[in-house]
Amino acid sequence: MVSLNTPLCDFGWKAIDFNLQGVDDTFWNLEKSKGANGLLIMFICNHCPYVKAILPRLVKDVRALKDLGIETVAIQSNDTENYPEDSFENMKLVAHQFNFPFPYAIDHSQETARSYNAICTPDFFGFNRNLELQYRGRFDATGRGEPPPNNTRDLYEAMLLVAKTQQGPVDQKSSIGCSIKWRE
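- Where an unreviewed UniProt entry is consulted, the protein chain appears under the name Thioredoxin family protein, with the organism given as Candidatus Methylopumilus universalis.

### What about the state of the cysteines?
- Here the structure, examined in full by the defined rule, presents zero disulfides.
- We note that Cys178 lacks a disulfide partner, and the nearest cysteine sulfur, in Cys48, lies 3.1 Å from it.

### Overview of the nonpolar core
- Core analysis: the biggest nonpolar cluster contains 35 residues, and Leu40, Met42, Leu58, Phe100, Tyr104, Phe124 and Leu155 have the highest contact counts within it.
- Counting only elements with at least two residues in this core, the list comes to β4 (38–43), α2 (49–66), β5 (70–76), α3 (88–97), β6 (104–106) and α5 (154–165).
- With eight residues, the top contributor of residues to this core is α2.
- With near-sequence residues (within four places) excluded, Phe100 lies in contact with Ile44, Leu55, Val59, Val94 and Ala95.
- Core analysis: the second largest hydrophobic core is formed by 20 residues, Phe18, Val73, Tyr116 and Ala118 among them.

### Overview of the sheet that holds strand β10 (residues 176–179)
- With respect to topology, three strands assemble into an open sheet ordered β1-β10-β7, the strand pairing being antiparallel. For this open sheet the edge positions go to β1 (3–5) and β7 (120–121), each flanked by a neighbour on one side alone.
- Most of the contacts of α2 go to β10, to which it runs at about 135°, and overall it touches β1, β7 and β10.

### Things to note about the side chain of Ser87
- Within the fold, Ser87 resides in the loop between β5 and α3.
- Once residues lying within four places of it in the same chain are set aside, the contact partners of Ser87 are Asn46 and Thr80.

### What about the environment of Leu65?
- As for its placement among the helices and strands, Leu65 is situated in helix α2.
- Residue Leu65 is classed as buried on the basis of its relative accessible area, which comes to 0%.
- Separated by 98 residues in the primary sequence, Leu65 and Ala163 place their C-alpha atoms 8.4 Å from one another.
- Other than its neighbours up to four places away in sequence, Leu65 contacts Leu40, Ile70, Tyr156, Met159 and Leu160.

### Structural notes on the pattern of salt bridges
- Per the counting criterion, the structure on display carries eight salt bridges.
- Note that Lys52 is salt-bridged to Glu85, the shortest N-O span being 3.2 Å. Taken together, the residues span a long stretch of sequence, with Lys52 in helix α2 and Glu85 in the loop between β5 and α3 at a distance of 33 residues.
- What makes Lys52 partly exposed here is its relative accessible area of 45%.
- With a relative accessible area of 37%, Glu85 lands in the partly exposed category.
- With a shortest N-O distance of 2.7 Å, Arg136 and Asp123 are connected by a salt bridge. With Arg136 in the loop between β9 (133–135) and α5 and Asp123 in strand β8 (residues 123–128), this residue pair connects regions lying 13 residues apart in the sequence. The exposure classification of Arg136 matches that of Asp123, with both residues buried.

### A look at α5
- Across its twelve residues, α5 extends 16 Å between first and last C-alpha, which sits within 8% of the 16 Å expected from 1.5 Å per residue.
- Among all positions in α5, only Asp154, Leu155, Tyr156, Ala158, Met159, Leu160, Val162 and Ala163 are buried.
- On the buried face of α5, the contacting elements are β4, α2, β5, β8 and β9.
- Downstream of α5 by a residue or two, Gln166 has a phi angle that is positive, lying close to 70°.

### Focus on the sheet that holds β8
- Read across the open sheet, the seven strands follow the order β3-β2-β6-β5-β4-β8-β9; overall the sheet is mixed. Two strands lie at the open edges of the sheet, namely β3 (27–28) and β9, each paired on one side alone.
- The sheet contact formed by strand β2 (residues 20–22) and β3 spans two bridges and is antiparallel. Bridging from a neighbouring strand, Gln21 pairs with Phe27 of β3.

Conventions we followed
- Counting from 1, residues in each chain are numbered in the order their sequence is written.
- This being a predicted model, a pLDDT of at least 70 is required before a residue's local features are given, and a value of 80 or more before pairs of side-chain atoms are given or counted; all residues contribute to the totals for chains, interfaces and linings.
- Calculated side-chain values reflect all of the structure's heavy atoms, with hydrogen atoms and water omitted.
- Here, the term disulfide refers to a pair of cysteine sulfur atoms separated by no more than 2.5 Å.
- In plain words, nonpolar cores are sets of buried Ala, Val, Leu, Ile, Met, Phe, Trp, Tyr and Cys residues tied together by side-chain atoms within 4.5 Å.
- We call a residue buried when its accessible area falls under 20% of the maximum for its residue type, exposed when it is over 50%, and partly exposed in between, using a 1.4 Å probe and counting protein chains only.
- Here a helix means four or more residues in a row that DSSP labels H or I, a strand means two or more in a row labelled E, and each is numbered from the N terminus.
- A contact between two residues is defined here by any heavy atoms of the two lying within 4.5 Å.
- Two strands are counted as paired when DSSP detects at least two bridges linking them.
- Between N-to-C directions, angles span 0 to 180 degrees; the directions come from axes that are lines fitted to C-alpha atoms, helices contributing only their stretch in contact.
- Salt bridge, as used here, is a side-chain nitrogen of Lys or Arg placed within 4 Å of a carboxyl oxygen of Asp or Glu.
- To estimate how far a helix should reach, multiply one less than its number of residues by 1.5 Å.

Right, dumping it as structure tokens:
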């Protein structure tokens, strides 16, 4: 497993459209996914220990963001042939198990991950209502272990600020996670 850190936020970078099949068999794009106050796009997968460590808290925070007009879409871009735990069928199982309140879509071609320059899972892209990037940072200080006693909710707090002001925090800490599993 290779752990990578994401680059910091390129404020104002415009979201790139996509058309990806969700585990609900609906095709999702920017227009269908965005909320009144913004959109959180996250690249996640099923097998990554960094994603597994935060998943229950991530679902809780995304539910709270939904109430603030921030919608979310999760994208799985890993090579499913070499990483079968990330298959579309297994994505359906994980989405059901954790009762995802957001679309979980597969990026078979890996073009969406490449267009976003996604680095790892999890990799978070927080956009305002104009689909301008305002956050590219970590979920919290967890890494792949238990949350520390003084844990901060970096992603939630950043997207709360975006919902209120349409601007993200200047101080952002990069996300860490497993590298995207690219096809050869």
